Amino acid sequence: MNSLLNKLARGLAAPVLILALWQGICALGWVTPQALPSPIAVGLKWLEYVLPSQPYDGNQSWLMWALSGELLHDAGGSLWRVIMGFGVGFVLALPLGLVMGANARLREFANPLIQVLRPIPPIAYIPLAILWFGLGNPPAIFLIALGAFFPILMNTMAGVSQVDSIYLRAARNLGASPGRIFLKVMLPGAMPFILSGVRIGIGTAFLVVIVAEMIAVNNGLGYRILEAREYFWTDKIIAGMLSIGLIGLGIDLAMERLNRHLLRWHRGMQ
Amino acid sequence: MITMALEFQGVAQRFQGQGAPVQVLHSVDLSIAEGEFVCLLGPSGCGKSTLLNAAAGFIQPTQGQVLFRGTPIQGPSPERGMVFQEYALFPWMSVEENVAFGLKARGENPEKIRTRVAELLAKLRLTEFAGRWPRDLSGGMRQRVAIARVLALDPPCLLMDEPFGALDALTRRSLQDELLQLWAELGKTVVFVTHSIEEAILLADRIIVMTHRPGQVKRDCKVTLPRPRDPADPAFNALKQEMGQLVMAEQHAFEDAERKSFTAD
């Protein structure tokens with residue numbers, strides 16, 4: 001118990017120090033609130049952003065009302081796009097990566113194309129995405145899918161080709177069919193690589209969603225902080241940024257748990 | 001005419017290395033009878049593992065053929081179960097799942113798989129490790145799991161590639177004893193690759209001493225010492241000395257060749 005408190009105190013020391021410094025600078029009037037509002041102002045704004053804007057009117061369910069805050073709405077929109085886009089990217093990249101990792105000839109065939117396309121940042125596709133899909137969710141999902149696609153593809157390919165051939169020999173010796181070898185040996189053998197690709201992919205997806213929302217969508221966290229700039233609501237910009245950070249942290253923690261579960265057999269994962 | 005378990009007929013193997021092709025095996029002729037325990041003995045690089053891989057069907061010899069019960073070997077099959085020095089357990093499967101792998105691949109019903117796996121785990125004294133990951137086990141335990149995994153499919157022939165090479169001396173002894181017991185009980189043909197002279201004499205009905213690369217049979221020697229064999233027995237030691245001279249001559253040839261190729265580079 002004591003050590004837990006100790007750990008907590010040590011973990012909180014740096015953020016508390018920074019907040020105090022920040023509050024001090026603002027209180028002394030060294031910066032205008034428009035350039036940098038005080039942390040207290042940001043916190044209040046954040047609360048306002050999270051909480052429902054209308055008083056409870058009794059017509060809708062209580063839960064719907066409690067979740068009707070603008071931030072929750074924006075976060076929901078952003079997350080939905082991340083999930084859809086990431087899902088599309090994952091569903092395309094995983095089988096392709098598995099097949100290409102297992103088949104050297106296919107890899108040689110597709111590799112030059114991949115090497116040329118891979119270094120193009122997904123954000124560079126924005127003009128094309130808008131031309132192809134117009135505005136709104138479709139271009140955003142396209143861009144996010146693209147951002148998730150390459151890291152998952154590359155890692156899956158690398159993962160499959162690094163599966164130790166001794167496992168394949170053992171499986172063939174035990175009479176496993178090619179299909180069984182693929183599902184029960186290659187796929188789990190490549191899993192550590194696949195999951196690190198997924199982690200990079202979801203990070204990229206989260207980055208791309210913010211940019212896509214700033215340009216092509218009129219809701220979501222990215223849209224909201226850009227909108228706040230137009231009204232010089234610096235406190236809202238910072239509140240939005242912190243929310244983006246928290247959601248990113250949440251996604252990363254969830255990924256780590258998934259990793260831990262799927263790789264519980266893996267050396268060095270304990 | 002009796003059909004042999006395994007017949008190597010003029011088996012030669014060349015590998016395309018970097019630069020010149022390497023002749024690993026030079027025309028090996030060898031017949032192994034049903035139920036026989038044969039050790040292939042020789043220095044590293046004599047092609048004994050290559051011979052075993054050809055018997056497993058992992059590689060096709062450049063020349064000649066390998067017959068299993070009179071039929072040419074086309075590819076790997078569970079009737080020739082392979083035990084690797086590196087165990088080759090699937091690290092993402094529990095001990096139990098590893099042992100069940102071949103039975104599932106064969107499409108046995110779940111009830112039969114469960115009883116068969118339990119039976120094998122008991123036989124190899126692994127029951128309390130059923131749910132463990134391979135990484136949690138010692139080398140000796142892992143090799144027991146690997147043996148259980150191939151035995152699950154009841155293969156008439158076991159191919160063992162230096163299976164105890166990575167184990168400490170005591171674990172090695174106890175696994176050697178267990179293997180001999182299993183062999184006496186199940187009557188399987190065993191082809192066992194080793195570079196330990198003592199291990200070969202302790203285990204084998206017949207020791208095939210191989211020459212340095214390109215490997216061929218240097219001496220085919222029956223071991224008639226009664227079992228259980230005792231390494232302290234003078235007859236054991238006499239044989240060990242004789243075998244030792246044969247193997248060491250090849251070992252020196254191997255070292256000389258290595259030195260030569262090093263200076264040639």
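Only a predicted model underlies this, so the values are computations on that prediction, with no experimental measurement involved.

Asks: Outline the environment of Val22(B), supporting the account with residue identities and numerical values.
Replies: All names here are of chain B. Position of Val22 among the secondary structure elements: in strand β2 (residues 21–32). By the C-beta count within 10 Å, which is 15 here, Val22 ends up partly exposed. Between the C-alpha atoms of Val22 and Thr62, which are 40 residues apart in sequence, the distance is 12 Å.

Asks: I'd like a rundown of the interface of chain A and chain B, residues and numbers included.
Replies: Across the contact, 15 residues belong to chain A and 21 residues belong to chain B. At the level of secondary structure, the elements contributing two or more residues to the side of chain A that touches chain B comprise α8 (165–173) and α9 (178–215) of chain A. For the side of chain A that touches chain B, the leading source of residues is α8(A), giving six residues. The class makeup of the residues in the side of chain A that touches chain B is eight nonpolar, three polar and four charged.

Asks: I'd like a description of the nonpolar core, backed by residues and values.
Replies: Membership of the largest hydrophobic core comes to 131 residues, with the highest contact counts inside it found for Ile144(A), Leu41(B), Ala55(B), Ala148(B), Val191(B) and Phe192(B). Here this core gets 16 residues from one element, more than from any other, and that element is α9(A). Not counting chain neighbours up to four residues away, the residues in contact with Leu41(B) comprise Thr194(B), His195(B), Ile197(B), Ala200(B), Ile207(B), Ile208(B), Val209(B), Met210(B) and Val247(B).

Asks: Report on helix α1 (residues 2–27) of chain A, specifying residues and quantitative values.
Replies: All names here are of chain A. Look at α1: 35 Å from first C-alpha to last across 26 residues, which is about the 38 Å you get at 1.5 Å a residue. The largest bend in α1 amounts to roughly 40° and is located at Ala13, with the proline Pro15 lying one to four residues further along. Burial analysis of α1 places just one of its 26 residues in the buried class, a small minority of the element. Taken from the residues just after α1, Gly29 is the one with a positive phi, measuring 75°.

Asks: Can you break down the packing of α9(A) against helix α11 (residues 234–262) of chain A residue by residue, with the values?
Replies: How two helices sit against one another is set out by the angle between their axes and by the gap between those axes. All names here are of chain A. Orientation of α9 relative to α11, taken along the N-to-C sense of each, is 165°, at an axis distance of 11 Å. The angle between α9 and α11 falls in the class roughly antiparallel. Between α9 and α11 the crossing geometry is right-handed. Along its contact with α9, which presents Met191, Leu195, Arg199, Ile202, Phe206 and Ile210, the element α11 presents Ile244, Gly248, Ile251, Met255, Asn259 and Leu262. Classifying every residue of the contact of α9 with α11 by side-chain character gives nine nonpolar, two polar and one charged.

Asks: Quick rundown of the pairing of strand β7 (residues 157–161) of chain B? Include the residues and the values.
Replies: Moving residue by residue along a regular strand, the side chains alternate between the two faces of the sheet. All names here are of chain B. Where burial is concerned, most of β7 is hidden: five out of the five residues are buried. Where burial is concerned, the two faces of β7 agree: the one with Cys157, Leu159 and Asp161 and the one with Leu158 and Met160 are both buried. One ladder, built from four bridges, connects strand β6 (residues 80–83) with β7; its direction is parallel. Residue pairing across strands places Val83 opposite Met160, the latter belonging to β7. Read from β7 through helix α5 (residues 169–186) to strand β8 (residues 189–194), the crossover connection turns out right-handed.

What counts and what doesn't
Residues numbered from 1 in each chain as written. Chains lettered and ligands numbered in written order. Predicted model: local features only at pLDDT ≥ 70, side-chain atom pairs only at ≥ 80, totals over all residues. Helix = DSSP H or I, 4+ residues; strand = E, 2+ residues; numbered from the N terminus. Buried ≥ 20, exposed ≤ 12 C-beta atoms within 10 Å, placed from the backbone. Contact = placed C-beta atoms within 7 Å. Nonpolar A, V, L, I, M, F, W, Y, C, P; charged D, E, K, R; others polar. Core = buried A, V, L, I, M, F, W, Y, C linked by C-beta atoms within 7 Å. Expected span 1.5 Å × (residues − 1). Bend = angle between axes of the 7 residues up to and from the residue. Axes fitted to C-alpha atoms, helices over the stretch in contact; angles between N-to-C directions. Parallel < 35°, antiparallel > 145°, perpendicular 65-115°, else oblique. Left-handed = near helix turned anticlockwise from the far one by under 90°. Pairing = 2+ DSSP bridges. Right-handed = clockwise from strand over helix to strand, strands pointing away.

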